[in-house]
Amino acid sequence: MENFRIPFDIQEEWNALVTEIRMHNRLYYEENLPLISDDAYDSLYRRLVYLEQRFPGLVTFDSPTQQVQTSLLQDGKARISHLFPLYSLDSVYSPEEIAQFIKRTSKALDGDLVRFVMEGKIDGLTLALQYKKGNLVSAATRGDGQMGENVTQHVRHIAHIPLEIDFKDMPEDLEIRGEVYIEKEDFESFNRDRRHRGELCFSNPRNAAAGALRHLDSVHVMHRGLKFAVHGVWPQLKASYGEAMECLRRLGFCMPLSYGFGTTADGLLECFEKVLSERETLKCEIDGLVYKIDSWSHHDRLGYRAKSPRFAIAHKFPAKSSITELQDIQIQVGRTGILTPVAILSPVLLGGVQVARASLHNEDEILKKDLRIGDRVRVQRAGDVIPQVCEVVYPRRSLDETNTDRRQFMFPRFCPVCQGPVVRLEEEAAHRCISGLKCSAQKIWALHHFVSKDAMDIEGLGLKNVHRLHKEGILNEVVDLFTLSQYKNHWMTLDGWGKKSVNGVLESIEYKRHNVPRGRFFYALSIPHVGKTTANILGKKFSPETLLAMPRDALHEILIQIQGFGYVLAQSITDFFHHNAAQIQNIMRYLTFEKNETVQVFLPFQGKHVVFTGKFHHAPRSRLINDAQHLGATVSTHLSKRTDYLVVGTDPGSKYLKAQALHIQTLTEEEWMELLAAF
Ligand SMILES: NC(=O)c1ccc[n+]([C@@H]2O[C@H](COP(=O)([O-])OP(=O)(O)OC[C@H]3O[C@@H](n4cnc5c(N)ncnc54)[C@H](O)[C@@H]3O)[C@@H](O)[C@H]2O)c1
Ligand SMILES: [Zn+2]
């Protein structure tokens with residue numbers, strides 16, 4: 001009857017949520033193959049709880065909120081009834097929810113002072129051990145909370161499970177509950193072995209522990225390094241949970257992650273933050289803390305909900321890594337033409353931030369991780385900031401054998417923006433579009449880079465604005481920056497712009513184009529491989545004019561002699577100045593450079609005085625003079641005592657004789673060309 005009052009869309013949503021949660025339960029508990037992260041699961045689950053609270057008529061006895069989720073009770077497998085039901089735990093993520101929990105429990109206990117035990121929430125598998133008169137008689141998984149799978153044959157191979165305990169003062173029938181888990185180190189070496197054998201790796205220690213207990217023979221269990229941590233007992237021993245644990249410790253049980261007691265929200269949160277910060281150093285994986293009320297009488301007064309106790313709560317850590325689907329791999333073209341593959345992910349929350357994209361760096365990275373579109377991948381935020389795809393958790397291929405489109409990702413051979421050719425240079429992991437400034441992606445990046453803070457530092461022109469002006473056709477290339485004022489009227493009418501902002505940009509350009517430090521200019525040009533440091537070194541050693549005018553081979557030779565400049569860098573700078581000479585010269589028409597007193601020139605003919613005489617055949621005399629000057633020589637028309645070389649062509653005239661008289665070295669045209677060729 002109730003259902004009539006439930007809006008149709010709510011009923012629909014409830015149906016969809018239940019179906020989805022059931023599917024995830026099956027994958028998580030039965031196949032040990034979660035498809036989504038725990039917090040993504042928890043948010044689905046919370047939505048279901050919320051709907052059922054608003055519309056109690058929705059609740060059915062088999063709703064996921066009403067049943068402890070089972071770790072599959074397989075047909076044919078022996079089952080064991082628990083002495084008392086095993087419950088799940090409510091999960092919360094925020095300090096506010098902890099404060100509410102404390103308020104709620106204290107109110108229900110009529111304002112009694114409540115003391116909480118704080119323990120690590122070990123990420124493993126629940127195990128219930130039954131002892132009769134001190135002897136271990138059975139071990140079972142949590143199952144549906146009432147009954148679990150019999151796994152007694154394995155317990156001998158799990159550490160910290162005494163087969164016999166001191167029976168004095170103990171109930172005849174005793175059930176000890178706890179977590180079976182694998183320490184991180186054991187898990188890693190176990191996965192390494194599997195990888196060696198070509199077997200699929202488990203995505204986390206919980207799955208590995210669950211797989212061991214539920215599917216394998218005892219020999220395998222023995223080799224997995226399983227351990228048992230105690231976190232419950234039935235019937236209640238002593239006066240409180242804390243005292244009971246103390247007693248169980250003396251009997252040979254362990255709880256490696258006990259953090260004492262707390263009474264206030266602040267106390268619990270302080271412990272939470274501390275454990276969170278130490279999380280990496282812990283031997284076993286934990287996904288949060290469990291706060292449990294200490295006193296048994298408080299437990300009894302608070303009681304249970306359908307599947308969780310009211311006296312305990314799990315405070316989960318924000319996810320540091322998460323599993324999600326790799327929906328696509330897109331290619332971005334950067335400012336120097338590098339093609340960067342980017343993973344497009346089904347959005348996931350990581351440490352409170354939604355992540356939907358992550359750089360995959362280059363082709364090798366994709367091949368190494370064997371990433372394919374449609375895979376489920378583990379994503380994390382490196383150093384808690386940059387999202388990173390760590391690994392394929394379980395390839396889609398394995399979930400669906402018939403799926404054939406899990407093809408290897410093919411790196412594009414043509415630039416997705418300009419369709420120009422893409423090359424992978426030797427010694428480089430990156431692919432590049434080599435169309436340079438003909439590629440509009442590179443053009444926009446190059447424009448943006450040119451005006452950016454560490455380059456020409458032109459205010460008011462962020463990437464978005466550059467994009468906009470480019471689209472409007474006002475700003476096609478860098479050199480257009482210096483003639484922007486002609487479009488002022490149109491520019492001011494564009495969305496988001498006005499007289500003041502346009503003038504601001506124009507003034508900034510006018511100011512910054514004078515006295516430009518050379519290093520900044522070289523940096524601004526977006527020369528592949530040239531960062532700020534390299535640009536500054538270049539600026540100290542060369543003027544832009546020198547770099548433009550120097551013969552290609554000579555420039556290359558000089559560059560590789562600079563400390564720290566390798567072959568690739570020298571090549572890159574040489575090619576850049578060669579290919580873009582006209583554009584650079586165009587830009588330079590609008591610039592004046594800072595006087596650079598400290599230029600240390602490393603030119604081969606630095607300080608040499610050269611005189612040319614006669615007719616030359618290889619090139620006109622003016623070219624020869626130019627080349628000599630760019631290699632640092634001072635070229636004069638008259639011989640003097642300071643002259644180092646006289647280069648003689650045919651019909652040299654009187655200079656030749658004079659040089660001999662002054663003992664000046666003379667070079668034929670061929671000898672001079674040979675000397676030049678060395679640079
Ligand atoms: N990703 C998925 O698809 C998916 C699907 C289903 C469930 N899950 C995850 O599993 C959770 C629900 O599973 P659950 O019902 O097993 O609950 P749970 O694992 O969140 O918490 C209850 C369990 O915690 C264990 N535990 C560990 N340390 C403990 C300690 N110190 N004290 C008490 N108990 C301790 C107990 O074995 C207990 O059964 C969800 O919140 C979700 O995070 C994920
Ligand atoms: Zn391109």
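No experiment lies behind these values; they were computed from the predicted model shown.

Asks: When you look at the nonpolar core in this model, what are you seeing that I'm missing?
Replies: Soluble, globular proteins show a tendency: their nonpolar side chains are buried together. If you look at the biggest cluster of nonpolar residues, it comprises 69 residues, and the most contacted ones within it are L127, L129, I176, F228 and F253. In terms of residues, this core owes the most to one element, helix α8 (residues 265-278), which gives 6 residues. Residues contacting L129, with those up to four places away along its chain left out, are L136, S138, A139, V155, I161, L174, E175, I176, F228 and F253. Counting 68 residues, the second-largest nonpolar core is a separate cluster that includes I444, W491, V530 and F616.

Asks: What's the story with the packing of helix α3 (residues 95-108) against α8 in this structure? I'm lost.
Replies: Working note: a packed helix pair is described by the angle between its axes plus the distance between those axes. Running from amino to carboxyl end, α3 crosses α8 at an angle of 140 degrees, the nearest separation of the two axes being 9 Å. The angle between α3 and α8 falls in the class oblique. The handedness of the crossing between α3 and α8 is right-handed. Every residue of α8 that contacts α3 at P95, I98, A99 and I102 is listed here: A265, L268 and L269. Along the lines of polarity and charge, the residues of the contact of α3 with α8 split into 7 nonpolar, no polar and no charged.

Asks: Even after reading the chapter, I still don't get the domain arrangement of the protein, so can you show me in this structure?
Replies: When the parts come together, some accessible area is lost, and that loss is often what is quoted as the size of the interface. Per the domain assignment, the segments making up the protein are domain 1 (2-58), domain 2 (79-316), domain 3 (321-399), domain 4 (436-512), domain 5 (518-588) and domain 6 (609-677). Summarising the inter-unit geometry, the C-alpha centres of domain 2 and domain 3 are found 34 Å apart.

Asks: How should I be thinking about the site of ligand 1 in this particular structure?
Replies: Near ligand 1 lie 26 residues; those nearest to it are Y29, D42, S88, E179 and K316. Take E119: an N or O atom from its side chain is 3.0 Å from a nitrogen atom of ligand 1. A distance of 2.8 Å is found between an oxygen atom of ligand 1 and a side-chain nitrogen or oxygen belonging to R142. Against a free-state accessible area of 820 Å², the protein chains account for coverage of 93% of ligand 1. Mapped by element, the contributors of at least two residues to the shell around ligand 1 are α1 (8-30), α2 (38-54), β3 (116-122) and β10 (286-293). Split by residue class, the shell around ligand 1 holds 10 nonpolar, 8 polar and 8 charged. The residues that make up the shell around ligand 1 include at least three from each of domain 1 (2-58) and domain 2 (79-316).

Asks: It is not clear to me how the pattern of salt bridges should be interpreted in this structure. Could you clarify?
Replies: Where charged atoms from two side chains of opposite charge come close, those side chains can pair. Overall, the coordinates contain 28 salt bridges when judged by the stated rule. The shortest N-O distance in the salt bridge between E183 and K227 comes to 3.9 Å. With E183 in the loop between β7 (173-182) and α4 (184-196) and K227 in strand β8 (residues 226-234), this pair connects stretches of sequence that are 44 residues apart. Here K512 and D457 are joined by a salt bridge, their closest N and O atoms 3.4 Å apart. Placement of the pair is K512 in helix α15 (residues 499-512) and D457 in the loop between α12 (440-451) and α13 (463-471), with a sequence separation of 55 residues. Both residues of the pair, K512 and D457, count as buried. Connected through shared salt-bridge partners, D110, D112 and R301 make up one network.

Asks: Where do I start with the packing of α1 against α2 in this structure?
Replies: Two elements in contact, α1 and α2, have axes whose closest approach is 10 Å; the angle formed by their N-to-C orientations is 145 degrees. The way α1 lies across α2 gives a crossing that is left-handed. Along the contact surface, α1 presents I10, E13, W14, L17, V18, E20, I21, H24, N25 and Y28, while α2 presents D38, Y41, L44, Y45, R47, L48, L51 and E52. The class makeup of the residues in the contact of α1 with α2 is 11 nonpolar, 2 polar and 5 charged.

Asks: Explain the sheet that holds strand β20 (residues 634-636) here, please?
Replies: Sheets are built from strands that pair by backbone hydrogen bonding, the pairs being arranged parallel or antiparallel. Reading across from one edge, β20-β19-β21-β22 is the order of the 4 strands in this open sheet, with parallel pairing throughout. The open sheet has two edge strands, β20 and β22 (665-668), and neither has a second partner. Strand-to-strand twist across the sheet, computed as the mean angle between neighbouring axes with direction ignored, equals 30 degrees. As judged from the 3 bridges shared by strand β19 (residues 609-613) and β20, these two strands associate in the parallel manner. Residue pairing in the sheet places V610 in a bridge with V635 of β20. With respect to the sheet, helix α23 (residues 654-661) is in contact with β19, β21 (645-648) and β22, its orientation differing from that of β21 by roughly 150 degrees.

Asks: Which parts of the structure should I look at to understand the coordination of the zinc ion (ligand 2)?
Replies: In ideal tetrahedral geometry, four donors around a metal make angles of 109.5 degrees, whereas ideal octahedral geometry with six donors gives angles of 90 or 180 degrees. For the zinc ion (ligand 2), every protein donor is listed as C415 (SG), C418 (SG), C433 (SG) and C439 (SG), and the spread of their distances is 2.2 to 2.4 Å. One chain supplies every donor to the zinc ion (ligand 2), and in sequence these donors are spaced C-x2-C-x14-C-x5-C. Taken together, the positions of C418 in the loop between α11 (396-399) and β17 (422-424) and C439 in the loop between β18 (431-433) and α12 put the pair 21 residues apart, joining distant regions of the chain. With a relative accessible area of 0%, C439 lands in the buried category.

Conventions we followed
- Residues numbered from 1 in each chain as written.
- Chains lettered and ligands numbered in written order.
- Predicted model: local features only at pLDDT ≥ 70, side-chain atom pairs only at ≥ 80, totals over all residues.
- Heavy atoms only, no water.
- Core = buried A, V, L, I, M, F, W, Y, C linked by side-chain atoms within 4.5 Å.
- Buried < 20%, exposed > 50% of the residue type's maximum accessible area, 1.4 Å probe, protein only.
- Helix = DSSP H or I, 4+ residues; strand = E, 2+ residues; numbered from the N terminus.
- Contact = heavy atoms within 4.5 Å.
- Axes fitted to C-alpha atoms, helices over the stretch in contact; angles between N-to-C directions.
- Parallel < 35°, antiparallel > 145°, perpendicular 65-115°, else oblique.
- Left-handed = near helix turned anticlockwise from the far one by under 90°.
- Nonpolar A, V, L, I, M, F, W, Y, C, P; charged D, E, K, R; others polar.
- Domains from an automatic or database assignment.
- Near = heavy atom within 4 Å.
- Polar contact = N/O pair within 3.5 Å; in protein donor to acceptor, adjacent residues only side chain to side chain.
- Areas by Shrake-Rupley, 256 points an atom, 1.4 Å probe, with all protein chains shown as cover.
- Salt bridge = Lys/Arg side-chain N within 4 Å of Asp/Glu carboxyl O.
- Pairing = 2+ DSSP bridges.
- Donors = N, O, S within 2.8 Å, 3.2 Å for Na, K, Ca; no water.

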